[in-house]
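# Summary of structural features
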Amino acid sequence: MELTEFTFNPMEGIDNPAMVTADDTEPVSKPSPRVCVLKREDGENFGFHLCVEKGQQGHVIRQLDSLGVAERSGLKDGDRLLEVNEMFVDNVEHMVVARRIQVSGSQLCFLVLDEKAYKLAVSEGRDLRELAKASRGEGWRPPRLCHITRDAPGLGLNTQLLEGEKGKFTVSPVKGGAAEKAGVKKGDRLIWIDGAMASELTHSAISKMVKKCSNHMTVLVIDSDSEKSYVCRKMPVLPAMADAENMPYRPRRLHLVLGSQGYGFLLKQEKTGAGRTVHMVREVDKGSPAELGSVKEGEMLLEVNGESTESLSHNEVVSKIRQSGQQVTLTTMPPQGQDFYTQLGLSPLLFCEDVTSGSPEEQKEIPVTLKPAVPTVEPQEDVQINPNVRRCILERGSAGFGFHLACVHLKPGTFISQVAGEGPGQTSGLLQGDVVVEVNGQNVEKESVEDVILHVKRGGDTLSLLVVDQRGYDWLKKNGKPITVNKLAPISEVEENLSSAAEPPVLKTDELCDDQTNSAPSGDGH
């Protein structure tokens, strides 16, 4: 490099051309999201809490376990979550994000921004979705889950070991064959086959699996250019990230509007051939809201308003449908789907499709909500309500009290947002949606959820909660009645016909704000 010699003349001062410097225009750096890969072993939690905090934007990472899975992955306190397994979640309802994490299995890929970078990006009006997309690089396309049904010639799938690359395989479908019809393309990389990672198999083992396959096979593939994006970002390619349009037995999310005679179907608790207890839809009435909403006889009920029914009793499921008011969202699936997804080691809830819109719910860039928009409906003054007021006594277990607290955004008042199956909360009689009136004898109706959490923590290993169902609470307040403990008779002993007119609608609030949601399926009541 050639240097220009100059002589400094003090008489010229700062006007000396040799002393002129460029303007101090430091280039503004783009926020740089980080990828964190979390992998837990059996019986292990991810070791963090996902929160929505008062006065703060975004889904916030808090309370990382020391040397736990989350901390080892590089997550830090205060990080904001942008993506879960390539699904953009910054603008998605908090409960939906928590549920997505819970059904994703033992491995997660998070895209996060640290607290300072997130707040700066928001203040500058940056498009966080575009920022997340840019981190993947040009030409990125998601992996694909392809379900191949054998035809007369076979699966029509050939595999080859990539030369010089151990554990990597490429696939070549037979033109017009079953694999090509299922979406497999020539040159695709084989990532996963019938629940097993291809990298952990030999070429001989994969060839045997293909040859011995009787009726169908499911594979996860990705094009070679997109695979490079994952390698560059040091991310695994997971089934939870995939497009899965041709997967069979996909759960359907159905939206029903209450009719004058109820929803028009019978719900029964039954045992499957595999010994599982499930909630089955029976006797769908002709012309009923259930039939109009595409409810099918003989399907399993997986969710009510986005909440899993797996650990709920029959009475609890019926109660949740009744408490939903004038609309309810049900997730159903053919019973064969349970065995299919279990064999693959995947949750069927990863692949829900919304029947109302006809588009897959699991598409990556579409915000989703757990509950349909329900208009606020006040109970009629002349209707006598029997509030379900209870005092629940809990003893802290090894995993805490077994419930989560939540609040209505920017308003006082706290309710039970989640109750862990078979935990102290469920045993004591707590129900999701209960309004917390007292904690250890102290009224907390006008306190923020943060203050209620402190009361719970100060109580030690024993906790007394005075709670009431949301509808009963609204009725008591409206009519100036005291909140006193009583008992409510069970709804049903064996089965419940939801064709009969439901109870009066529930008073709903649109936006719910969870204070804390443990990433593990069960956690402390905080």
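Residues numbered from 1 in each chain as written. Predicted model: local features only at pLDDT ≥ 70, side-chain atom pairs only at ≥ 80, totals over all residues. Heavy atoms only, no water.

Attention now moves to the pattern of salt bridges. Opposite charge on two side chains makes pairing possible when the charged atoms of those side chains draw close. For the coordinates displayed, the defined rule picks out 28 salt bridges. For K228, the salt bridge identified is with D225, shortest N-O distance 3.9 Å. Here K228 pairs with D225, and both are found in helix α7 (residues 224-233), just three residues apart, close to one helical turn. Classification of K228 by relative accessible area gives exposed; the value is 56%. Classification of D225 by relative accessible area gives partly exposed; the value is 47%. One continuous salt-bridge network, built from bridges that share partners, spans E83, E86, R136 and R233. (Salt bridge = Lys/Arg side-chain N within 4 Å of Asp/Glu carboxyl O. Helix = DSSP H or I, 4+ residues; strand = E, 2+ residues; numbered from the N terminus. Buried < 20%, exposed > 50% of the residue type's maximum accessible area, 1.4 Å probe, protein only.)

Our focus in this paragraph is the packing of aromatic side chains. Enumeration over the complete set of coordinates arrives at four aromatic pairs. Here F48 and F110 contribute two aromatic rings whose centre-to-centre distance is 5.7 Å and whose plane-to-plane angle is 90°, an arrangement assigned as edge-to-face. With F48 in the loop between β1 (34-39) and β2 (49-51) and F110 in strand β6 (residues 107-113), the pair connects residues that are 62 residues apart, well separated along the chain. Here F48 matches F110 in class, with each residue buried. The interplanar angle of 80° and the centroid separation of 5.0 Å between the aromatic rings of F340 and Y341 together place this pair among those described as edge-to-face. For the pair F340 and Y341, a shared accessibility class is recorded, and that class is buried. (Phe/Tyr/Trp six-rings, centres within 6.5 Å; stacked < 30°, edge-to-face > 60°.)

The next point concerns the side chain of S308. Inspection of the secondary structure assignment puts S308 in strand β17 (residues 307-308). A distance of 3.2 Å separates a polar atom in the side chain of S308 from the backbone nitrogen of E310. Those residues in contact with S308 that lie beyond four places of it in its chain are R99, L302 and E303. (Polar contact = N/O pair within 3.5 Å; in protein donor to acceptor, adjacent residues only side chain to side chain. Contact = heavy atoms within 4.5 Å.)

Core analysis: the biggest nonpolar cluster contains 30 residues, and L145, W192, L220, Y230, M247, Y341 and F351 have the highest contact counts within it. When residues of this core are assigned to their parent elements, the largest contribution, three residues, is made by helix α10 (residues 336-344). Of all hydrophobic cores here, the second largest spans 21 residues; its members include L38, L64, V69 and V84. (Core = buried A, V, L, I, M, F, W, Y, C linked by side-chain atoms within 4.5 Å.)

With that settled, consider the confidence of the model for the protein chain. This prediction gives the protein chain a mean pLDDT of 79; 80% of its residues lie at or above 70. Across residues 357-382, confidence stays below pLDDT 50; counting only partners more than four residues off in sequence or on other chains, it has 63 contacts. Considering only residues more than four positions removed or in separate chains, one finds that residues 487-495, a stretch of pLDDT under 50, has 17 contacts. (pLDDT = per-residue confidence, 0-100.)

The subject of this paragraph is the environment of L465. Structurally, L465 can be placed in strand β26 (residues 462-468). Using a relative accessible area of 1% as the deciding quantity, one classes L465 as buried. Those residues within four positions of L465 in sequence are excluded, and the remaining contacts are R390, R391, C392, L394, F403, L430, V436, E438 and V439.

In the Ramachandran plot, Q63 falls in the positive-phi region, its phi being about 50° despite a non-glycine side chain. Secondary-structure assignment places Q63 in the loop between β3 (60-62) and α1 (69-73). Notably, S294 is not glycine yet its phi reads approximately 75°, a positive angle. Structurally, the position occupied by S294 is in the loop between α8 (289-292) and β16 (300-304). Since its relative accessible area comes to 27%, S294 is described here as partly exposed.

So, on to α7. Two residues of an α-helix separated by three or four positions point the same way, owing to the 3.6 residues in each turn. Three or more residues of α7 are buried, namely S226, E227, S229, Y230 and R233. Projected onto a plane normal to the axis of α7, the buried residues spread over an arc of 150° and lie on a single side. Every exposed residue of α7 that faces more than 90 degrees away from the buried side is listed here: K228 and C232. If you follow the buried residues of α7, they end up packed against β1, β10 (189-193) and β12 (216-222). Trailing α7 by a residue or two, K234 shows a phi angle of about 60°, which is positive. (Arc of directions from axis to C-beta.)

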